[in-house]
Amino acid sequence: MKKGQEIELKIDKNKYPNIGIGYVEDHKVHIKNTIKGQTVRARVTKNRSGKKQARLLEVIERSPLETASFCEHFGKCGGCQLQTLSAEGQSQMKADMVKALYEESGFEVTFKPIIESPSVFEYRNKMEFSFGDEEKGGPLTLGMHKKGRHHDVVTTDHCHLVDQDYRLILRSILDYFVEVGAPKYNKKTDEGFLKHLVIRKSYRTGEIMIALSATTTWEFNRESYVALLKGLELKGEIVSILYVHNDGVSDMVKGDIEILDGRDYITEKLYDLTFKVTLYSFFQTNTEGAETLYKTALDLIPNIDGKVCFDLFSGTGTIGQIMAERAKKVIGVEIVEDAVIAARANAAFNGLENCTFLCGDVFKVLETVEDKPEVIVVDPPRMGMGEKTVEKIAGYGILEIVYVSCNPKTLLEDLVTFRRMGYEAGELQLVDMFPWTGHVETVVLLSQQKPSDRIAVDLDLNELDATSAEMKATYAEIKDYVLKEHGLKVSNLYISQIKRKCGLEVGENYNLAKSEYARQPQCPEEKEKAIVEALKHFGMVS
């Protein structure tokens with residue numbers, strides 16, 4: 001097998017994220033966007049001894065799992081890789097891929113059955129489209145990147161992930177800029193105008209935001225553009241028309257915002273709360289699915305009444321504000337300033353006076369926070385949290401932490417660190433927030449593992465010297481003495497630690513942690529002095 005060689009093979013299994021695995025002459029080959037059971041033709045792109053990859057060229061034979069696709073853009077658009085499966089089948093495939101990921105890593109964990117999305121069509125409340133062309137030098141297009149072609153764009157004005165308002169807005173804006181002759185942006189030459197179009201529509205209020213991301217090197221008639229949009233017959237209501245001055249070379253929507261009409265936000269409702277959502281705010285793109293996701297997460301910690309709660313990587317503060325209705329205090333931390341501003345405004349709008357939202361890197365901000373949490377919920381971006389942040393969060397020593405993840409791979413990395421810090425993962429609950437794509441959310445409860453205070457010991461009394469110092473007082477007697485004389489409660493673990501320090505014999509495995517990764521709590525100095533005094537009292541040490 002050589003790089004550039006075309007190969008034909010059958011996909012034997014899938015692994016996250018949507019990678020098919022097949023074999024050619026006993027060589028394992030990884031091919032993105034393929035489905036178990038397909039026979040495909042592909043071109044080898046990497047031929048290393050450790051890993052061989054190929055790019056899909058053609059599906060020669062469909063998988064028995066597949067049915068007919070439901071979208072006119074299937075085959076060209078790279079957006080919905082799993083749409084030839086049934087709604088239940090695509091959810092199950094994601095569950096199987098994530099399970100395989102954890103099994104291959106050797107990280108033992110139990111999975112609950114995946115929770116499917118409440119809606120599988122027209123469920124998205126945000127879409128980011130790109131301007132471009134389907135072929136080099138071709139007519140202007142607006143939509144999603146072409147399957148397997150990052151620089152080519154397919155006009156997706158019949159997309160089924162969004163409702164008719166999105167489709168009409170996309171087609172109308174494309175036709176408008178074709179008519180006025182606006183040039184698309186060329187990254188190689190750093191010339192041109194049109195880059196992206198972002199549309200947000202509230203699932204509950206129907207409010208619509210339209211944001212054009214373009215350079216400032218080409219003037220367009222703002223008045224006629226706004227008039228076009230406001231004249232469209234839509235089910236929802238346009239309340240925000242924005243122009244993002246995007247003169248950078250990166251393929252991202254960023255830059256100063258010019259309000260062409262209306263305001264710079266829309267409102268969305270979750271449960272009985274209202275949220276202001278700005279262009280740059282992180283907000284779950286599936287509103288009904290978000291309610292399912294957050295309920296799943298917060299059901300893991302039902303007893304938050306009167307407690308101090310941390311909402312880390314808080315976005316616009318959705319989870320934090322849901323908790324705030326019952327918690328004593330909520331502290332949210334988020335690095336995106338625009339999202340923090342929105343979170344503060346949302347808390348004020350909802351009349352929640354017990355919420356504080358701080359802007360900055362989670363690890364650095366926590367260094368400055370004096371409050372100690374009793375409940376922690378984390379919902380990091382796709383890159384996960386990283387070792388230092390996990391260690392910082394685990395260092396609070398609270399009993400339970402809820403982790404909400406949009407990337408099972410980085411979740412796995414963080415879970416390994418949590419385990420080393422003495423936290424074990426409960427059952428993983430997958431929530432399908434993004435039907436027909438390879439993405440899936442995961443919710444898991446992390447519980448601190450504490451050594452048992454009780455142990456069963458078999459003793460052969462004939463072999464014991466009952467006059468030895470070790471037998472002069474039981475653990476219960478030492479505990480009672482410390483409690484009566486010092487008002488302190490001490491565990492068997494702490495007593496055994498101090499007995500070892502004093503040179504007294506303790507069983508080899510007495511009170512050791514159950515997991516090799518677990519970190520034992522160490523006896524505080526105050527309790528150590530009290531235990532030593534008790535040992536002296538009972539004549540066990542001099």
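Here the structure is a predicted model, which is why all the values come from computation and not from measurement. (Residues numbered from 1 in each chain as written. Predicted model: local features only at pLDDT ≥ 70, side-chain atom pairs only at ≥ 80, totals over all residues. Heavy atoms only, no water.)

Notes on the environment of Ala100
Thought 1: Tracing the chain through its elements places Ala100 in helix 1 (residues 87–105).
Thought 2: A C-alpha to C-alpha distance of 8.1 Å links Ala100 and Asn14, two positions 86 residues apart in sequence. (Helix = DSSP H or I, 4+ residues; strand = E, 2+ residues; numbered from the N terminus.)

Notes on the sheet that holds strand 3 (residues 27–32)
Thought 1: Spatially, the five strands close up into a barrel ordered 1-2-3-5-4, and their pairing is mixed. Between one strand and the next, the sheet's axes are offset by a mean angle of 50°, whatever the strand orientation.
Thought 2: For strand 3 and strand 5 (residues 52–61), the ladder comprises two bridges, and the chain directions are parallel. By the bridge assignment for strand 5, Ile31 is matched with Ala54.
Thought 3: Helix-sheet contacts for helix 1 involve strand 1 (6–15) and strand 2 (19–24), and the interaxial angle to strand 1 is about 85°. (Pairing = 2+ DSSP bridges. Axes fitted to C-alpha atoms, helices over the stretch in contact; angles between N-to-C directions. Contact = heavy atoms within 4.5 Å.)

Quick notes on unusual backbone geometry
Thought 1: A cis geometry characterises the amide bond from Tyr16 onward to Pro17, with omega recorded as 0°.
Thought 2: Even without being a glycine, Glu25 presents a positive backbone phi close to 50°.
Thought 3: Within the secondary structure, Glu25 is located in the loop between strand 2 and strand 3.
Thought 4: Using a relative accessible area of 65% as the deciding quantity, one classes Glu25 as exposed.
Thought 5: Notably, Asp26 is not glycine yet its phi reads approximately 70°, a positive angle.
Thought 6: Assignment of secondary structure puts Asp26 in the loop between strand 2 and strand 3. (Buried < 20%, exposed > 50% of the residue type's maximum accessible area, 1.4 Å probe, protein only.)

Overview of the pairing of strand 5
Thought 1: As paired elements, strand 4 (residues 39–47) and strand 5 share eight bridges and run antiparallel to each other. Within the sheet, the bridge partner assigned to Val44 lies in strand 5 and is Ala54.
Thought 2: Connecting the antiparallel pair strand 4 and strand 5 is a turn made up of four residues.

Quick look at the packing of aromatic side chains
Thought 1: Taken as a whole and judged by the stated rule, the model has 19 aromatic pairs.
Thought 2: Ring plane angle 75° and centroid distance 6.3 Å describe the contact between Tyr102 and Phe107, whose orientation is recorded as edge-to-face.
Thought 3: Residue Phe107 is classed as buried on the basis of its relative accessible area, which comes to 9%.
Thought 4: A ring pair is formed by Phe220 and Tyr243, whose centres lie 5.2 Å apart and whose planes are at 85°; its orientation type is edge-to-face. Of this pair, Phe220 sits in the loop between strand 10 (207–214) and helix 3 (222–230) while Tyr243 sits in strand 11 (residues 237–245); the two residues are 23 residues apart in sequence, bridging distant segments of the chain. As far as the burial class goes, Phe220 and Tyr243 line up, both buried. (Phe/Tyr/Trp six-rings, centres within 6.5 Å; stacked < 30°, edge-to-face > 60°.)

Looking at the sheet that holds strand 11
Thought 1: Pairing is mixed in the open sheet, where seven strands are placed in the order 8-7-6-9-10-11-12. A single partner strand is all that each edge strand has here, and the edge strands are strand 8 (149–155) and strand 12 (256–262). Each strand axis lies, on average, 35° off the axis of its neighbour in the sheet, ignoring direction.
Thought 2: In this structure, strand 7 (residues 140–146) lies alongside strand 8, joined through four bridges in antiparallel fashion. Within strand 8, the position partnered with Met144 by the bridge is Val154.

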